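Tertiary structure, described
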Amino acid sequence: MYNKFNINFLALLLAGFSFFVSSCSKKNSNPSQLTELKGDWKFRQVKNNEWMPAKVPGTVHGDLLANKKIEDPYYRDNEKRIQWVEKEDWEYKTTFNVEGAQLDNENVDIIFQGLDTYADIYLNDSLISKTDNMFVTYEFPIKKFLKNGNNDLRIYFHSPVNVGMEKLKKNGYLVPAVNEYADTSQRTSVFTRKAPFHYGWDWGPRIVTSGVWRPIFLKSWNTSKIDGLFVEQKKVDTSLATYSAHVDLTATKAADLTVEVFVDEKPAGKKDVSVTSGKNKVSLDFEIKSPKLWWSKGLGEQPMYKITTRLSSKANVLDTISKSIGVRTIEIVRDADSIGKSFYVKLNGVPVFMKGTNYIPSDNLIPNITPERYQKVIKAATDAHMNMIRVWGGAVYESDYFYDLCDKNGLLVWQDFMFACSMVPGDTSHLKNIKSEFDDNIKRIRNHPSIALYCGNNENMVAWYGWGLKKMFKLNDQDSTEVLETYKKVFYDILPKSIKENDPHAFYWPTSPGAEYEFDKGANNKSGDVHDWSIWFGKASFKDMIKEPKRFVSEYGLQSFPSMKTIKAFSIEEDWNYKSELFQYKQRSMMPWISKGFNGNDMIMEYVKMYYKLPAVYSGQDFEKFVYLSQLAQGEGLKQIVEGHRKFMPVCMGSLYWQLDDCWPTVSWSTMDYYYRWKAGHYMIRKAYEEIIAVPLVENGKVNIYVVSDRLKDASMTLNYRVLDMTGKEISKNQLPITVSKNASKIYFAEQEKTLSQGRPKDVYVEVFLTENGKRLGDNILYFAAPKDLNLLKPTIQQTITKSDKGYEIELSSNVLAKNVSLSSEGTEGFFSNNYMDIIPGSPVKITYTGEGNLSSIEKDLKVMSLKDTY
Ligand code: BMA
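These numbers were taken from a predicted model, which means no experiment stands behind them.

Moving on: the nonpolar core. Ranked by internal contacts, the top residues of the largest apolar core, which has 200 residues, are Phe112, Leu153, Phe438, Tyr556, Phe561 and Phe623. Counting residues per element, this core draws most heavily on helix 13 (residues 623-647), which supplies 10 residues. With 27 residues, the next largest nonpolar core counts Val247, Val259, Ile288 and Leu318 among its residues.

The following block contains the structure:
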C-alpha cells in the first residue's frame, strides 16, 4: 500500500547513509525526523462489519456522507435524520509500512494532533493508550509495538454521547449547558472535552461527530528531542529586543549536548548543557538588534522573525524546532477613572481601538475547512479593516494555520478557552484533563504575536448569576455550591496557574463579559467588557444602543437571512417564507420570554418592521424582498452601533460584533454566510470600520458631525457636507478645513437639526465626506427619518459594464436617490467590490465584479434592485 511514510523514510535512510559516509557515525545517530502518517483508511460502525473508505483527517459524518450512508446534513431538515450517528461507536484503521532501518532509531513516537474524542488506540492489536480530550495533542512512544513491514493502526471511537451520559449519571446532578440542543436532562456536552457547538447552538446544528480530526505524525529520534520552545520577550525598545528561548527537552539518558538559537537562520546564541534522563529545560538568552515592530492591521507592517533552536550532540544534530515571532509589546490596560475601569489594548505603547468580530469555525465538520477556506475568513475580516478576532469559547482552539494567518495579517486574537454558557463538572479526573488541555494549547499558541489576551470562558458567569441556571437544571443548594466552587477552581486557580507557567506575561480575563477580575462582580457598562444584547434579545433600537458609552463591547448583533443563492442551496421554493416549517426548524434563537414560540425569525421581522416597509408579499419569489430587508436591517444596525462605539472613544475602546461567519447554511447573526458570501452587513461593517470615518448624528436637536480617526498622526482635511433632496437637488453645502486629531473621536461641526433638515425630514438628507489632498474618504449619509418614512422616489438606475484588468467594471447611476442598491448574479459566482450602497443623482458609483462569467453572461445575469423596489 502506498504510504507517504515510506517515501520519507527512504529520504531518512539516504540522509543517514550520507552521514555515515561523511562522519563514520553508527546507527542511532540520525537527526529526528517528523513525517505525517498518510495512507488509506477504512472505517466502520462497530456493530456492523462493513469497512468503508475513510478520510483522515476527517469525521464520521464526512465519511458517511462520502459513502452515501447519510444525506447532506446541511440540506433542509436532514439534520434530524442523522442523529443516530452520535450514539454509535466507530472504528478507523490503516496500515503503514516501516522498514528495518527505521527501527534502528532509538525512539519512534506517534503524535495525534486531534482525536475526537474517546479513542482507544491500537497498534498491531496492542492498546497504546486511551484518549479523552479533543483539544489535546497526544504523543506516545511506539517503538516497542512496531514491526518490520506492515503495521496496523486501529482507533476505536466510543460514542461521546453514551460516555457523556455515563459520566452524567455518575455525577449525580445536572451540570448546566444552556445551548446544547437536547432536553435539559440529557445534556452531556459539559462532561466531554469536545467542541461544545457540536452539540447544537443557537446558530448551528447538532452534529456530534467523531474521528481523527487533525493529522497524525510519526517522529523518530535518538538520544534527545525538543518537545517545545517558548520565546519569552524580556524587553523591547527601538534599538534592541531581548529574549530568552526556553527549550523543553526529553533525553533517554544523561548526555552532554549543545543548544543553539538562530534568528532568521543567523546564529544568535549557544549553550552547552548536561541533560539528565527524562524531561529537561534549557534557557538561553538572545537579542534582536533594531527590531522592526509588529503592528495590528492598519497601523503598520507585520514583520516576523523566525526563531530556530537546534539541539546537537558532539557529532550530530539531534533535533530542531522553529517558531515565528513578532516583536511587539501588548497590554490590556485596566485603569480606574472617573467612570469605572478601562479595558483597552495598548500595542507598542499606543492605545488601539479594537474593531472586530466573533468567529466560529466556518464548518461544523471542522476538517472540511481547507487552508483556502481559512484564508477567506481572515481576508473577510481584514478587508473589512478589522484588527481583532475573537476565537469564541464554544468551539475549538484554532489550528496553527489560523493563528499564522492572524500573525501575517495583523489580526489580534481574543482567545477564549473552550467553555461557553455552561458550568464545569468538578471530579478530579475531569479537572486533570482540562489542566492538560490548558497547558497543551497555551504552549501551542503562545509564540504568536497575534494573541492579545486569554479569556477563561464565554458567558459562564453571566449565565450563572443572570439566567437562573440553578432552577433550570434543578440544582439543590449543595450541588449549586459545588458547581460554583468548581468554577472558582477552574477559572481562578487551574487556568491562571497554567497561563503563569506557560505564558507568564499574558493578560488573563476570567470570563467575558466581566467588569472586574473577581467572579461575583457582574458585567456593567462602566468597567471591563460587555455583551450588549439589549439589541436583539432586548429588542432595543439602534439609537438606544449608543446612548451611553461602554468600555469594550465584545458582543452584540442582529440576525439576517443569507442570500437567495445560499437559500436555494439548502431549500426548495415551498420553504421560502420566514415562518415556513423549514425556517422555523433552522432558526435556533428562541425567545420564550417575549411570547410562547417567539424566535429569531420573528425578531428579524420586528427589526424589519421597525425600520422598513414590509413588502406586500414575502413568500415564494417575493421572499427575496424580505431576505434583502433582513440584511439591510442587520447591516444598518451594525453600522450605526459601530459608529456609536467609535464616537465614544477613548471611553469605549472595542467593538466586536457577533458573528463573522456560519458553520452551516442558515439564518443567523453572521455577516458572511456559509459559502463566504458577504451579506449587506459585511459591506456596511467594512464602511464603519474604515480608518477614518465621518459620523453625522442627531443629538439633542443638533446635528453633530464626528470624525473618528485611528491614524497615529494628525491630518489636515476638509470636511464637506451637502444637503440634498430626493431628486439630487443641492439645497445647501459647506466645506470646512479641519485638523483631524490622531487616534481620537471629536465633533468637528454642529448645526441645529431643523436648519439642516429644512423642516422636511422625510425629503432631505445630508451627504458628508472628507477630502484629503484631493482624495475622498469617510463618506456617510444622514437621514432624518427611518427608511420606511422617507419619501423615496422610484429610481431609474442606469448601468454600464465594461471589461477591466481586474474583472468587470460596473458603473451605476440614478436619476433620483436610490437607496441600498443591491447587485446580485444568480447564475454566476462572483464578488462585487461594493454593494447595498445609496446612489445620489449625479454621483455615479463604480463597482468591480470579479468571478465567473463573461461580459454577456454578466450583463444577462446581473440583477439590480433598490429599497423602492420592495414596496
Ligand atoms: C453570545 C454568544 C453565543 C451565542 C450568541 C447569540 O452570547 O456567546 O453563545 O450564540 O450570543 O445568542
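So, on to the side chain of threonine 250. With respect to the helices and strands, threonine 250 occurs in strand 14 (residues 240-251). With relative accessibility at 13%, the residue threonine 250 sits in the buried group. Engagement of the side chain of threonine 250 in a polar contact is seen with the side chain of aspartate 227, the distance being 2.5 Å. Once you skip the residues sitting within four places of it in the chain, threonine 250 turns out to touch Trp221, Thr223, Ser224, Lys225, Asp227, Gly278 and Lys279.

Turning our eyes to something else, we now look at unusual backbone geometry. Note that the residue after valine 56, namely proline 57, is joined by a cis bond; omega there is -5 degrees. Within the fold, proline 57 resides in the loop between strand 3 (52-54) and helix 2 (60-66). The linkage connecting serine 512 with the following residue, proline 513, adopts the cis geometry, with an omega of 5 degrees. Examined against the element boundaries, proline 513 turns out to sit in the loop between strand 27 (508-512) and strand 28 (530-531). The phi angle at aspartate 125 is positive, at roughly 70 degrees, despite the residue not being glycine. Mapping aspartate 125 onto the fold places it in the loop between strand 6 (119-123) and strand 7 (126-131). Phi at asparagine 773 is positive, roughly 45 degrees, even though this residue is not glycine. Along the chain, the position of asparagine 773 falls in the loop between strand 36 (764-772) and strand 37 (775-783).

Let us now look at the packing of aromatic side chains. In the structure shown here, the tally under the stated rule is 59 aromatic pairs. Aromatic pair tryptophan 201 and tryptophan 203: ring centres 6.3 Å apart, planes at 35 degrees, arrangement tilted. Judged by its relative accessible area of 6%, tryptophan 201 is buried. On the accessibility criterion, tryptophan 203 (0% relative accessible area) is buried.

About the cut-offs
- Residues numbered from 1 in each chain as written.
- Predicted model: local features only at pLDDT ≥ 70, side-chain atom pairs only at ≥ 80, totals over all residues.
- Heavy atoms only, no water.
- Core = buried A, V, L, I, M, F, W, Y, C linked by side-chain atoms within 4.5 Å.
- Buried < 20%, exposed > 50% of the residue type's maximum accessible area, 1.4 Å probe, protein only.
- Helix = DSSP H or I, 4+ residues; strand = E, 2+ residues; numbered from the N terminus.
- Polar contact = N/O pair within 3.5 Å; in protein donor to acceptor, adjacent residues only side chain to side chain.
- Contact = heavy atoms within 4.5 Å.
- Phe/Tyr/Trp six-rings, centres within 6.5 Å; stacked < 30°, edge-to-face > 60°.

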